[in-house]
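# Descriptive structure summary
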Amino acid sequence: MFVPESIAHIMLQKISDLQSIIEADLAAIVDAASLEAFRLKHLVKKGTLQGLIDDLRSVPKEDKPTIGKALNALRSFVEERYTTIEQSLEPRTLAPSIDVTLPGRRPPVGAIHPIHAMIDRTIEIFSSMGFDVAEGFEIEDDEHNFGKLNFAPDHPARDMQDTFFIKSGVRSDVLLRTHTSSVQVRVMEAMKPPIRCIMPGKVYRNEAVSARSLAEFHQIEGLAIDKHLSVADLKATIMEFARKMYDATAEFRFRTSYFPFTEPSMEVDMSCFLCSGKGCRICKHSGWLEICGAGMVHPNVLAACGIDPEEYSGFAFGFGVERVVMLLTGIDDIRLLYENDIRVLRQFRS
Ligand code: DAH
C-alpha cells in the first residue's frame, strides 16, 4: 500500500541529509579558501540552510514547532562549528610568511673593552717579571681598606665624602673599597713572603661624574715583599713596566709624596710618550705624565698583616686604569668608556 509521506517527514529527512553534507564539508575545511567555499555553499542567503528554512512555510501548522526546532538545532550547530574553525585558522592565515631567501642578520660584534685590554696587557708584562695576579673584594671593611694600611682613625680619606659606606644593620664598617691597596692587605694576610703580585680591580669613590671622573673606576695595584728589597727594585720594576707598556725610550722622575701605607712615598712621572717630552696639550706642556703612586711598604703595614718588618721589606705601587686608557686611545670623556656604545668599542677591534 502506498502511504504518502507527510511534508514534515520529508523535511526531517532533508534536515538530516543536510546535516550529513555539512559535517562532511566542515571536515574538509583546511584553509581560508575552503572555509570561504563552505560559507558560500551553506551560510549565505541563497545557501542550503536558508533554503530549508524557507521551506518551513509549506509545513503544516501543527508540525512547524518540531521542524523549526530541528532547523534551529542545525543552524546553531553549523554556526558554532564554523566560528570555531574560523578562529583556529586565523593565526595561520594572518601570520606573516617568512622569506627564507632573505640574508641573515649579523649580530653586532664588539671588541675587548679598552679598559680590559689595558689590564690584560699589564698582567702580561708583570707576569713576564714573575708577578702573580690577585683579586680581593669590592665590598670591604674599614680594617682592610684603611686600618691595616696605616690610615689614622681620623684620616680624611675615611670621610663620608669620599667613601661609599654600606648600611648593613649589623656592622657599621662595611664599605665599597676606595682603592685596590686593600687587596695588598688580603694578599699579605694570606701569603708568606716572597710575594710578587699585581691586583687589578674596580674601586669606588663618591665623586661627581664629569668628563674626567666617575664614581667607579679601575686601579691596578702592585706589591713585592722579600728580604732586602729596596727603592732600587721599586724603580727598576716600574721603569721596566712603563717602557714595555708605553715607550721603550721613556725617562722617569720620582717625586716625593705622601701615602699612609708607604715610607718613603713617591709619585712617578714618565716623559710624555706623545711628544717625547717636548711638551704638548696632553702633558699640559710639562713634558711629563704622572703614571703612578708608589713607595716602600710601611713597617706598620707589614706588621699589621703579620709580616716581620725586621726581616722583610717591600714596595708597592698603584695606578688608575681609565686615565691611562684615555691617554693611549685619545678618548677625552671618561663616560664613553662606560656607556657600552658599540660604535666606541668597535674602534678597538684588533
Ligand atoms: N692607593 C693609592 C690611591 O688610590 C694609590 C697607591 C699609591 C697605591 C701608592 C700604592 C702606593 O700601592 O704605594 O691613590
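Numbers given for residues are sequential positions, taken from 1 along each chain in its written order. Since the coordinates come from a predicted model, pLDDT governs what is reported: local features require at least 70, and pairs of side-chain atoms require 80 or more to be given and counted, while whole-chain, interface and lining totals use all residues. Only hydrogens and water are set aside; all other atoms, that is, all heavy atoms of the structure, feed into the side-chain values.

What surrounds the ligand is a group of 15 residues, the closest being H179, S181, R205, Q219 and E221. Note that accessible areas follow from Shrake-Rupley with a 1.4 Å probe, and for residues the cover is restricted to the protein chains shown. Contact with the protein chains removes 88% of the 360 Å² of surface that the ligand exposes when unbound. Cavities and pockets are defined on a 1 Å grid built over the protein atoms alone: a cavity is a set of grid points where a 1.4 Å probe fits but cannot escape, while a pocket is an open set with protein on both sides within 12 Å along at least five of seven lines, and lining residues are those with an atom within 4 Å of any such point. If over half the atoms of a molecule are within 2 Å of the grid points of a cavity or pocket, the molecule is regarded as sitting in it. With respect to the pocket detection grid, the ligand is positioned in the largest pocket. Within the residue set of the shell around the ligand, elements represented by two or more residues are α7 (181–190), β5 (216–226), β8 (288–297) and β9 (313–320). Gly is put with the polar residues, along with every residue not named as nonpolar or charged; the nonpolar set is Ala, Val, Leu, Ile, Met, Phe, Trp, Tyr, Cys and Pro, and the charged set is Asp, Glu, Lys and Arg. Looking at the shell around the ligand, its residues break down into five nonpolar, eight polar and two charged. Residue proximity to a molecule or strand is established when one non-hydrogen atom of the residue lies within 4 Å of it. We count a stretch as a helix when DSSP gives it H or I for four or more residues in a row; a strand needs E for two or more, and each element gets its number in order from the N terminus.

What follows is about the domain arrangement of the protein chain. Parsing the protein chain into structural domains produces domain 1 (7–93) and domain 2 (114–133 + 194–204 + 216–348). If you average the C-alpha positions of domain 1 and of domain 2, the two centres end up 87 Å apart. Note that domain bounds follow an automatic or database assignment of domains.

To obtain an axis, a line is fitted to C-alpha atoms, over the contacting stretch when the element is a helix, and the angle between two such axes runs from 0 to 180 degrees between their N-to-C directions. Across the interface, helix α1 (residues 7–27) lies against helix α3 (residues 48–55) with an axial gap of 11 Å and an inter-helix angle of 170 degrees. Taken together, α1 and α3 sit at an angle that is classed as roughly antiparallel. Seen from α1, the contacting residues are M11, K14, I15 and L18; seen from α3, they are T48, L49, L52 and D55. When its residues are assigned to classes, the contact of α1 with α3 shows five nonpolar, one polar and two charged. The scheme is simple: roughly parallel for angles under 35 degrees, roughly antiparallel for over 145, roughly perpendicular for 65 to 115, oblique for anything else. Any two residues whose heavy atoms approach within 4.5 Å at even a single point are treated as in contact.

To continue, consider helix α2 (residues 32–43). The end-to-end C-alpha separation of α2 is 15 Å, in line with the 16 Å expected for 12 residues at 1.5 Å each. Burial status follows relative accessibility: with a 1.4 Å probe on protein chains alone, a residue under 20% of its type maximum counts as buried, one over 50% as exposed, and anything between as partly exposed. For α2, the full list of buried residues reads S34, L35, F38 and H42. Burial along α2 is one-sided: seen end-on, the buried residues are contained in an arc of 105 degrees. Take the number of residues in a helix, subtract one, and multiply by 1.5 Å to get its expected span. What the arc measures is the spread of directions leading from the helix axis to the C-beta atoms.

What follows deals with the nonpolar core. Only buried residues count toward a nonpolar core, which is a set of Ala, Val, Leu, Ile, Met, Phe, Trp, Tyr and Cys residues joined through side-chain atoms within 4.5 Å. With 44 residues, the main nonpolar core has M118, I238, Y246, M270, I291, F317 and F319 as its most contacted residues. Mapped by element, the contributors of at least two residues to this core are α5 (114–128), β5, α8 (231–245), β7 (262–271), β8, β9 and α10 (321–329). Leave out the neighbours within four places in its chain, and M118 touches M245, Y246, F319, V321, V324, V325 and L328. Counting residues in each nonpolar core, the second largest holds 22 residues, with F146, L149, M199 and L223 among its members.

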